[in-house]
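# Residue-level structure breakdown
Residue strings, one per chain:
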Amino acid sequence: MSKKQKNIFVISVLVNVFLVVCLVIGYLRISSAHKELFYSEVQYKLVKLDGLIEHQKKNDWSEPKLVTTQLSDVLNGIDAATNNGKHSGWLSKDDQMVMEHLDMALRQYPHDELYKFSVLTKSNKDEFEELQLKLKKVGFGMNMTISNDWKSFITKSEKLSSLIEVK
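These notes cover the structure that comes with them.

About the criteria used
- Residues numbered from 1 in each chain as written.
- Predicted model: local features only at pLDDT ≥ 70, side-chain atom pairs only at ≥ 80, totals over all residues.
- Heavy atoms only, no water.
- Helix = DSSP H or I, 4+ residues; strand = E, 2+ residues; numbered from the N terminus.
- Buried < 20%, exposed > 50% of the residue type's maximum accessible area, 1.4 Å probe, protein only.
- Polar contact = N/O pair within 3.5 Å; in protein donor to acceptor, adjacent residues only side chain to side chain.
- Contact = heavy atoms within 4.5 Å.
- Core = buried A, V, L, I, M, F, W, Y, C linked by side-chain atoms within 4.5 Å.
- Salt bridge = Lys/Arg side-chain N within 4 Å of Asp/Glu carboxyl O.
- Patch = residues over 30% accessible without salt bridge, like charges linked within 9 Å, V, L, I, M, F, W, Y side chains within 5 Å.
- Areas by Shrake-Rupley, 256 points an atom, 1.4 Å probe, with all protein chains shown as cover.
- Axes fitted to C-alpha atoms, helices over the stretch in contact; angles between N-to-C directions.
- Parallel < 35°, antiparallel > 145°, perpendicular 65-115°, else oblique.
- Left-handed = near helix turned anticlockwise from the far one by under 90°.
- Nonpolar A, V, L, I, M, F, W, Y, C, P; charged D, E, K, R; others polar.
- Phe/Tyr/Trp six-rings, centres within 6.5 Å; stacked < 30°, edge-to-face > 60°.

This part covers unusual backbone geometry. The phi angle at Asp60 is positive, at roughly 55°, despite the residue not being glycine. Note that Asp60 resides in the loop between helix H1 (3–58) and helix H2 (65–88). With a relative accessible area of 68%, Asp60 lands in the exposed category. We note that Trp61 has phi near 50°; this positive angle belongs to a residue other than glycine. With respect to the helices and strands, Trp61 occurs in the loop between H1 and H2. Classification of Trp61 by relative accessible area gives buried; the value is 9%.

Quick look at the side chain of Asp112 now. With respect to the element layout, Asp112 can be found in the loop between helix H3 (93–106) and helix H4 (122–138). Side chain to side chain, Asp112 and Thr69 meet in a polar contact 2.6 Å long. The contacts of Asp112, once residues within four sequence positions are left out, are Lys65, Thr68, Thr69, Ser72, Phe117 and Ser118.

This next bit is on the nonpolar core. If you look at the biggest cluster of nonpolar residues, it comprises 34 residues, and the most contacted ones within it are Phe38, Met99, Leu106, Phe128, Leu131, Phe153 and Leu160. Taken together, the elements giving at least two residues each to this core come down to H1, H2, H3, H4 and helix H5 (150–163). The element contributing the most residues to this core is H1, with eight residues. Beyond its immediate sequence surroundings of up to four residues, Met99 is in contact with Phe38, Val42, Ile78, Thr82, Phe153, Ile154 and Ser157.

Once that is clear, we can look at the pattern of salt bridges. Throughout the structure, instances matching the rule amount to six salt bridges. Here Lys136 and Asp50 are joined by a salt bridge, their closest N and O atoms 3.3 Å apart. One end of the pair, Lys136, is in helix H4; the other, Asp50, is in helix H1, with 86 residues separating them in the sequence. Residue Lys136 is classed as partly exposed on the basis of its relative accessible area of 29%.

What follows is about a nonpolar patch on the surface. A grouping of Met1, Phe9, Val10, Val13, Leu14, Val17, Val21 and Ile25 is seen on the molecular surface, where their side chains present a nonpolar patch of about 770 Å² in accessible area. Tracing the backbone through its elements, the reader meets Phe9 in helix H1. On the basis of relative accessible area, Phe9 is assigned to the exposed category, the value being 51%.

Within the element layout of this structure, Ser72 appears in helix H2. If near-sequence neighbours (up to four positions away) are discounted, Ser72 is found in contact with His111 and Asp112.

This part takes up the packing of H3 against H5. Across the interface, H3 lies against H5 with an axial gap of 9 Å and an inter-helix angle of 40°. The angle between the axes of H3 and H5 places the two elements in the oblique class. For the pair H3 and H5, the crossing hand works out as left-handed. Within the contact between the two elements, H3 uses Asp95, Val98, Met99, His101, Leu102 and Ala105 and H5 uses Trp150, Phe153, Ile154, Ser157, Glu158, Leu160 and Ser161. Its residues placed into classes, the contact of H3 with H5 shows eight nonpolar, three polar and two charged.

This structure, assessed with the given rule, holds 10 aromatic pairs. Relative to Trp150, the ring of Phe38 has its centre 5.1 Å away and its plane inclined at 75°; by these criteria the two rings are edge-to-face. One end of the pair, Phe38, is in helix H1; the other, Trp150, is in helix H5, and 112 residues separate them in sequence. Neither residue differs from the other here; Phe38 and Trp150 are each classed as buried. Taken together, a centroid distance of 6.5 Å and an interplanar angle of 55° make the contact between Tyr39 and Trp150 tilted. Here Tyr39, found in helix H1, pairs with Trp150, found in helix H5; they are 111 residues apart in sequence, far enough to count as distant. There is no split in this pair, since Tyr39 and Trp150 are both buried. Aromatic ring contacts, followed pair by pair, group Phe38, Tyr39, Trp90, Phe140, Trp150 and Phe153 into a single cluster.

Pasting the structure below:
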């Protein structure tokens, strides 16, 4: 090989190594962004739901729409994060099934829809209080350590959906 060919070969290898490093960094950033979407749009909103149910219990359910609106936010978050992960190919089939089952389980509770607000009965309030206990049991409660660990999040989501009896 001539000196010119060796220089071109070395430059080519360096460019390829640079491109591989860029791909790895890009993948890690995208993965982090997808996880953050689930944490912010699902996990933290479930914790907030626990807090709102507790607040309503202490205030004799004076503003039940806060709870139904928050549950709607949770459901919208599950939809947005799951669709994003599914369409990008980032979310595994198993994790997608966990999120879809959680979505189906939570949709049984009264939640607000576009231009339609739910009215809670005494039975609905009791069901929300039972949901709060389930949220706390799996680790989605207020004043609990919430980790940004994907495996932990999926495990908690799976446990929560299994605790909620699908009718």
